[in-house]
Structure formats: C-alpha cells, structure tokens
Amino acid sequence: MSGNYNGENSISGVDFGGAIMAPITILAAKENLTKTLTWDGTKWEKQAFDNAYTYSVYEMPAHNIHELSALLSELESIPNACIIRAALRPGYPTEGVVRRIHDGGDGRVPFAERAAGNPWIMIDVDGLPAPDGLHTNADRLDYIVSTLPTWFHGVTYHYQWSASAGLSGWDRLSCHLFFWLDRPITDTALIERMRWETMPDGSTGWDVDESVCRTVQPNYTAAPIFQGAPDPLQGCRSGLVQGDTDVVSLPTWTPKPKPQAQAYTPLPGGGTLGGGIAARLADIGPRYHMPIQRAIMAFVGFYGTGCDRWEIKRLIRDRVAVAPAGSSPKHIYTTDAYLDASIRGAVRKVGAYYTPEEIEEKKRKSEYYERKAALTAYFMSKKKKNNFR
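Residues numbered from 1 in each chain as written. Predicted model: local features only at pLDDT ≥ 70, side-chain atom pairs only at ≥ 80, totals over all residues. Heavy atoms only, no water.

To continue, consider the nonpolar core. Counting residues in hydrophobic clusters, the biggest one holds 79 residues, and the most contacted among them are Ile121, Leu177, Phe179, Trp206 and Ile292. Among the elements that make up this core, the one with the highest residue count is strand E13 (residues 172-185) (8 residues). (Core = buried A, V, L, I, M, F, W, Y, C linked by side-chain atoms within 4.5 Å. Buried < 20%, exposed > 50% of the residue type's maximum accessible area, 1.4 Å probe, protein only. Helix = DSSP H or I, 4+ residues; strand = E, 2+ residues; numbered from the N terminus.)

Next up, the structure:
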C-alpha cells in the first residue's frame, strides 16, 4: 500500500473465531494529513498539514495489536490518510463525507460512535519533559510508558514518533502509542475513565490527552514529509514493541459523581482566579504533565492570548512546590523551557480557536457562572447552618 489511499472493501463484523474484531475506519482526503519539514541548510522549517473538509471512508479489520500495527505501518507511507474511532452510519455514501457526528445545519450526520465500542486506543504524548539519562530509543519509549497507568506497563504497543521528535534534541518527548484492550469500550466511557478514574497513587485521571478518543477526532498515522534531507529517525520512527502480554487488562471501574464547581480563588496581587483555573492547579501532583497543560490552557483561554505569562508560571511553580511527589522529578516541570513552550502552544491553540471578542465573551460568561456557583454555595451553607427548610 503506497501513495494516496484509495481504500479496499469494508467489513463490519464484530466476532472472528472468538477473537475481538475491530473495524478500523480510515479517512482519505485529497489534501495531505501530515506535516512537511524542509531543511534549509541550517535548520528545519515546518509546514502544517492542509485543512481537509471532505473524505473518502473505508474500513479495514484488525483482530489484535499485531494486525493493527501492520495496518498502521502501511498507513504511515500514505500522506492523505488517518483513522478515527467512529463508524459511518448505514446508507451514507463513502465519498465526499464530512467528518461530523452532529447536524451542521445541512442535515448531514454521517458518523456515529460505535455502539459496541473499540478494543484499541491511541495515547497521544505531546511535549513530555524528559529526565536525564535517556540515551536510546528504547530508553525514551520505556520512560513514556512508565508515566502511563500501571495497566499499560509490560503490554505490547505500536509507537510512532511525532514530526518534531529529535529534531532539536530529546528534552521533550512527543509520540503516539497504540494499545489493544481486553474488551471493546465506547468513546464516551473511555473518556470518562481517562478523566476521573482514581489511580493507584490516589490521583485522579490517566494524565493523558483524552481528545484523541473523541468519536471523529483524527488519529494521524502518516509519517512527516522530509525535504532537503532524509528523515533523522529513518528506521526507528515507528515500530512494534513486544511486551509480556498483547492486551491491556482494564481494571473494573465504577463512575463516581463529578466534582462540584469551584469558586473564585483570590490572587496574591489582588483580584480573583477564574475560568476553573484553581481546580486545574489543584489537580497538579502526583501527576504533572497533563494537569499543567490543562491549567495553562484554562489560564490562556480565560485571560486571553495576551495574558500575564509570568503569573501562570508563578502559579504553576508555587503549586508544584507543595504538590505530592510523583514518578518523575518535579524540577523538569518548572523550567522556563518547558513552561514557555507549553504557554506558546496554548496561545497558538486559543488564538486559532477564538477571536479576542469571543475570549472576552467566554470570560464574562465564566465570571457570571462561577460567581453564581459561589453565591449558591454561600447561601446553602447558611441555610444548613440555620436549619432552614
């Protein structure tokens, strides 16, 4: 399989000889769905992939991590393809399909969450700070897996390094890891677990980005396109790492009530901290990377792309200083290099998502609802104290 993906016949079964069969939904666009990196003689210039609107849709089967890895290895050489967790609704054409699960106003709702779930998961590791002593590809992959929940340890997985991995050193690690689960799970249930499951260390959530498990979120599979120089990771950009077992055994989990809305938190210099930022900061420790990323996104989303970057860095450093220790050394999460890169990423995302006017509107709404929550909590406490009915 090479060049642009034209697809093959789809299949829609769920059982194959007693094994779990996963129909893998493949999207093929006219545009490239991968980044292009060009070497100008002194540095790499990065070009983002094109924006695609319509796709051709195909399905290919996989029964285990080995078959999934083989498919992903083939898709890696196809720049216009990616996979999603969704299923195409019966009766929809497979050409010119819009990637959505809600009505966009034209009556077209081509995709749906798979009712039976998917037995695979992609973990997106983006900018994880690396401690000293990781000298080989295996060292770096072992460290990434060590930061995941314990049920991923010792399990076979397929990996693919990001486009920027290794281009300017290995201080930060960005990689996609694909695992096979012991049973199918719906996207809704999977995201619920990723956000709220209690970890062995007492923390909440898997400390990974759950957005890649949304029903129609692209899971990008193509290798980056290199121009002017060969791929620096040629031969080790992706592969299968054999573990002690081929499946992730998910522990039994019962959903718990969600945390209540957080009230405003005073800032040392006056004013209050809104937008749910206080709750995000409280989530930091003993897991650090994703809670810090979420706190920064909340801060930038609330205060805008021109926010006080020194203030969010101070807030994070103050929280890290008193937060419980985790498996990684705390100091790697407080460096200027790590925090500045994280803030720049959040500013790019928020700037792409919202205009300044929309940010101000979000801020006004957030202030209103959080003040309302705080006021309600105050009156409820007074009511309980005075035994009002």
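Attention now goes to the confidence of the model for the chain. Averaged over all residues, the pLDDT of the chain equals 82, while 80% of them reach at least 70. For the chain, strand E1 (residues 15-16) is the element with the lowest average pLDDT, namely 38, and strand E12 (residues 157-161) is the one with the highest, namely 98. Residue range residues 5-18 is modelled with pLDDT below 50. Its contacts to residues more than four positions away, or to other chains, number 29 contacts. Of the regions scoring below 50 in pLDDT, residues 261-271 engages in 22 contacts with residues more than four places distant in sequence or in other chains. (pLDDT = per-residue confidence, 0-100. Contact = heavy atoms within 4.5 Å.)

A few words on the packing of aromatic side chains. What the rule picks out here adds up to 12 aromatic pairs. Considering the side-chain rings of Phe152 and Phe179, the 4.8 Å spacing of their centres and the 65° angle between planes classify their relative orientation as edge-to-face. Of the two residues, Phe152 sits in the loop between helix H2 (137-146) and E12 while Phe179 sits in strand E13, which places them 27 residues apart along the sequence. Relative to Tyr338, the ring of Tyr333 has its centre 5.7 Å away and its plane inclined at 80°; by these criteria the two rings are edge-to-face. Residues Tyr333 and Tyr338 agree in their burial class; the two are buried. Sitting over the face of the ring of Trp120, Arg85 holds its NZ or CZ atom 5.0 Å from the ring centroid. (Phe/Tyr/Trp six-rings, centres within 6.5 Å; stacked < 30°, edge-to-face > 60°. Lys NZ or Arg CZ within 6 Å of the ring centre and 35° of its normal.)

Interaxial distance between helix H5 (residues 289-303) and helix H6 (residues 309-322) falls to 11 Å at its minimum, and their mutual angle equals 150°. With respect to H6, the element H5 is oriented roughly antiparallel. Here H5 and H6 pass one another in a crossing that is right-handed. Note on element contacts: H6 touches H5 through Glu311, Ile312, Leu315, Ile316 and Val320, opposite Ile292, Ala295, Ile296 and Phe299. Residues that form the contact of H5 with H6 fall into these classes: 8 nonpolar, no polar and 1 charged. (Axes fitted to C-alpha atoms, helices over the stretch in contact; angles between N-to-C directions. Parallel < 35°, antiparallel > 145°, perpendicular 65-115°, else oblique. Left-handed = near helix turned anticlockwise from the far one by under 90°. Nonpolar A, V, L, I, M, F, W, Y, C, P; charged D, E, K, R; others polar.)

Here we come to a positive patch on the surface. Together, Lys46, Arg309, Arg344, Arg348 and Lys349 give the surface a local cluster of positive charge. Among the elements that make up the positive patch, the one with the highest residue count is helix H7 (residues 336-353) (3 residues). Within the secondary structure, Lys349 sits in helix H7. (Patch = residues over 30% accessible without salt bridge, like charges linked within 9 Å, V, L, I, M, F, W, Y side chains within 5 Å. Areas by Shrake-Rupley, 256 points an atom, 1.4 Å probe, with all protein chains shown as cover. Salt bridge = Lys/Arg side-chain N within 4 Å of Asp/Glu carboxyl O. Lys, Arg positive; Asp, Glu negative; His and termini not counted. Charge placed at Lys NZ, Arg CZ, Asp CG, Glu CD.)

With that settled, the discussion passes to helix H3 (residues 187-196). Buried within H3 we find Asp187, Leu190, Ile191, Arg193 and Met194. Seen along its axis, H3 keeps its buried residues to an arc of 160°; they face one direction. Check the buried side of H3 and you find it contacts strand E11 (118-129) and E13. (Arc of directions from axis to C-beta.)

Of the consecutive residues Gly285 and Pro286, the connecting peptide bond is found in the cis state with omega at 0°. Within the fold, Pro286 resides in the loop between helix H4 (277-282) and H5.

The subject of this paragraph is the sheet that holds strand E7 (residues 81-84). If you walk across this open sheet you meet the 5 strands as E9-E6-E3-E7-E14, and the pairing is antiparallel. What marks the edges here is a single partner per strand, and that holds for strand E9 (97-98) and strand E14 (219-220). (Pairing = 2+ DSSP bridges.)

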